[in-house]
Each structure stands twice: as C-alpha cells, then as structure tokens.
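Structural features, examined
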Amino acid sequence: MENQSIIKKLHSFVPTQIINEDVSTKRIVFLGHLEGVEGDKGQALLIAERIHFKFDISRLNKKIIQSTHFENIQENDIYGWAEGCLFRTDIEDSDGITKSYEPQTKFMMIHPATQKHIDKYMGDTKKYLEETPELYKLVTKKYIESEDLSRTSWVYNILEGKAEVDRVVYKDTDPNEGFVLLPDSKWDGITLKTLYLVALVNDRSIKSLRDLTSKHVGLLKNIKHKSMETIKCRYPGITESDIMMFVHYLPSYYHFHVHIINVNFDAGSVSANVGRAHLIDSIINNIQNISPSYYQNTSLYISVNNKMYNMFQHSE
C-alpha cells in the first residue's frame, strides 16, 4: 500500500469526519481512512480546495451558462442569486440516463448594472486616509446625499416584505428600534462555523456609522439582544461568545445595517481591510461613555477607491 499511486489512494479514501472548512478559501478538510488498510496505517487526511476559475478567452461574447439545473433561486429588485454550474456538467451514466452534478458555483446577477456597480466590482486599488468631521461634511455626506435611491431599493423591498420573505429569521416592526434579520448572501445557511447574518434597520434616516448618536443606543442594544436570542434559539449550540457584531465604515451601501458572524469565520475576508469593521459593543461604549456625539466629532481612518480619494484631495 505504501507504493500505491495518489490516484488509487484518492479512489480508496473513505471520509469519516469533517475536521475543518473555510468558506473564504473554499477549502474543506476530511479525516478518514484508506479502504482495506487497518489501524493507524490507513488513517488519512484529504484537503479539498476549489481552484481558480480557468476561463478560455475564446468563450467571451458567447453564452457560458448552459446548465438547466439551478437551486436556491432568489430575486430582489435588480439582484438575483442562484446556485448551479458554470458551463454544462450533464453526464450520461451506464444506463443512458443524463444527470447533472450538484451545483458547484454560486451566481449573483445584477441587471441592469450601473457604472457604480461596475466600479465596485472592478477591483480598484485603495487609498488610505483620515476622514475628519470636516471632510465627512464636505465629501462623504455630499456623496451619500447624491446616491441614487434605487441602489437601496432591494433593502426597502425586504423591510416592506416584498422580497426574500422566506429568508427572514426575525422581524421587529418598531419604526425606531426595529430591524429585519436574515442570512447574508455569502452564507450557505447550514455551516454554523461560517454563520453570517445581517440586521437591516427600519429607520431609513440612518445612513452610516456617522449618523449614530445617543438616541440610537436603544436601537443598537435591541439589535444585539434580539439577534442573539434568535440565533441561540434557531441555531442550537451557538452561544454569545461565538458571535461578533460589527458595522462597516465606509459601508458597501448607505442604509444602516449590522453584520453578525461566527467569531471563527475569517473576519479578514468579511471586513476587507483593517479598520473598516467597528464592533457594536465599542460603538455603544463610545457613545455612552465618551460622548453622545462621538461619531460626529471624531476622525475615522478609512480606505477608499481612487475616484473617492480624488474627491477628498480636491476638497482641501
């Protein structure tokens, strides 16, 4: 057995346990044994990791999705999600029956896509800077106020019960302290180690962290308490010490929301860069114990794309 080729070993591997999985690297680690080998000599680990997409340039300007089998389909405004296969993966077995592999790829479609959507997903380089309260008023606030309201239509659809109703795990209808809790689209809804929920507040006047004052402490505490109670009830085994709640600044969209993840989830991939995530406990502490208007009077250190960086530079 020692001289057995890797191909034979792969075919004889029998998994008995999943000992690790990482949604950020798309890697899963199986513990098992090789069939026919007794004791410790047969024990083996199999690490499986999704490889980078290998896309033939000749396929550009041609249809690439040919599979007819999709699962977990959701639609909300201009956004749509589904799980399926990139390129055709139908196979014919020995009985001549055509089957499809299980979905291998998670798809998200934005249609129609605006230039802002294109810029967001283009992979622009970032610049790091200090956003003083003055710069916030001169640049960021004006930018937020100029945002096309249609960019948050999908959020309002959820709040009003027009979309993704079956995904909502908790809803508090209070206009000031209420919120809707649902799984983030990045989470598979099953793997508790990568649990990822988002709380969307009912109060549409709160656009970002900068808007929070002492009058919002009740909202923040309500999100923290009721989300935690819902999680413990809905996902047995999860405790308060397993959960981390935070706010992004700058956020990816300007309707106030709180990210709620398992602390074992790779926060680096969620936060995108150091300093962007502000823990909800720290936010409450800063407002209650330092200043009721802490986030209106403090400088925040942020990373921005080149376009926004130039806006800051030209404001000085």
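Residues numbered from 1 in each chain as written. Predicted model: local features only at pLDDT ≥ 70, side-chain atom pairs only at ≥ 80, totals over all residues. Heavy atoms only, no water.

As a reminder, the rule being used: UniProt positions are given in the numbering used here, feature names are shortened, and annotations may be inferred rather than shown by experiment.
Under the annotation held in an unreviewed UniProt entry, the protein chain carries the name m7GpppX diphosphatase and is attributed to Zancudomyces culisetae. Quoted verbatim from the Subcellular location (unreviewed entry) field of the UniProt record, the comment on the protein chain reads "Nucleus". Its UniProt record gives the protein chain a comment under Catalytic activity (unreviewed entry), which states: "a 5'-end (N(7)-methyl 5'-triphosphoguanosine)-ribonucleoside in mRNA + H2O = N(7)-methyl-GMP + a 5'-end diphospho-ribonucleoside in mRNA + 2 H(+)".

1. Thoughts on the overall build of the protein chain
Cut-off, in case you're wondering: Under the scheme used here, helices are H or I runs from DSSP no shorter than 4 residues and strands are E runs no shorter than 2 residues, and both carry numbers assigned from the N terminus. Using a 1.4 Å probe, accessible areas were evaluated by the Shrake-Rupley method; residue-level cover was limited to the displayed protein chains.
Looking only at helices and strands, the protein chain has nine helices and 16 strands in total. Working note: accessible area of the protein chain is about 18,900 Å², and carbon and sulfur atoms make up 52% of it.

2. Concerning the UniProt feature "active site" (unreviewed entry) in the protein chain
Note the following rule: Partly exposed describes any residue whose relative accessible area lies between the buried limit of under 20% and the exposed limit of over 50%, with all areas from a 1.4 Å probe on protein chains only and scaled to the type maximum. We call two residues in contact when some of their heavy atoms are within 4.5 Å. Polar contacts here mean pairs of N or O atoms no more than 3.5 Å apart (in protein, one a potential hydrogen donor and the other a potential acceptor; neighbouring residues in sequence count only if both atoms are side-chain atoms).
On the UniProt side, "active site" (unreviewed entry) is annotated at positions that read H257 here. Here H257 shows up in strand β14 (residues 257-262). Of the residues examined, H257 reaches a relative accessible area of 4% and is grouped as buried. With near-sequence residues (within four places) excluded, H257 lies in contact with V198, A199, L200, V247 and P251. Looking at H257, its side chain comes within polar contact range of the main-chain oxygen of H255, at 2.7 Å.

3. A word on the nonpolar core
This is how the line gets drawn: To define a nonpolar core, start from buried Ala, Val, Leu, Ile, Met, Phe, Trp, Tyr and Cys residues and group those joined through side-chain atoms within 4.5 Å.
With 47 residues, the main nonpolar core has I231, V258 and I260 as its most contacted residues. In terms of residue count, helix α5 (residues 217-234) provides more of this core than any other element does, six residues in total. The contact partners of I231, leaving out residues within four places of it in the chain, are L195, L197, I238, I243 and I260. Judged by nonpolar contacts, the second largest core, of 14 residues, contains W154, Y156, L182 and Y253.

4. Quick word on the packing of helix α3 (residues 133-145) against helix α9 (residues 306-315)
Let me state the cut-off plainly: Here an axis means a line fitted to C-alpha atoms, over the contact stretch when the element is a helix, while the angle between two N-to-C directions is reported on a 0 to 180 degree scale. In a left-handed crossing the near helix is turned counterclockwise from the far helix by less than a right angle, and in a right-handed crossing that turn is clockwise. Lys, Arg, Asp and Glu make up the charged group, whereas Ala, Val, Leu, Ile, Met, Phe, Trp, Tyr, Cys and Pro make up the nonpolar group; the residues left over, Gly among them, are polar.
Remark: α3 packs on α9, axes separated minimally by 10 Å, with the N-to-C direction vectors making an angle of 140°. Handedness of the crossing formed by α3 with α9: right-handed. Together, L135, L138, V139, T140 and Y143 of α3 and M308, M311, F312 and S315 of α9 make up the contact between the two elements. Grouping the constituent residues of the contact of α3 with α9 by class yields seven nonpolar, two polar and no charged.

5. What to know about unusual backbone geometry
Note the cis peptide between H111 and P112, where omega equals 0°. As for its placement among the helices and strands, P112 is situated in the loop between β8 (105-110) and α2 (115-121). For the bond from Y249 to L250, the omega torsion is 0°, close enough to zero to count as cis. By the secondary structure assignment, L250 is in the loop between β13 (243-248) and β14.

6. Concerning the sheet that holds strand β4 (residues 71-76)
Stated formally: By this definition, two strands are paired if DSSP reports at least two bridges between them.
Strand order across the open sheet formed by three strands is β4-β5-β8, with antiparallel pairing between neighbours. The outermost strands of the open sheet, each flanked by one partner alone, are β4 and β8. Direction aside, the axes of adjacent strands within the sheet are offset by 15° on average. Sheet analysis places β4 next to strand β5 (residues 79-84), joined by four bridges and oriented antiparallel.

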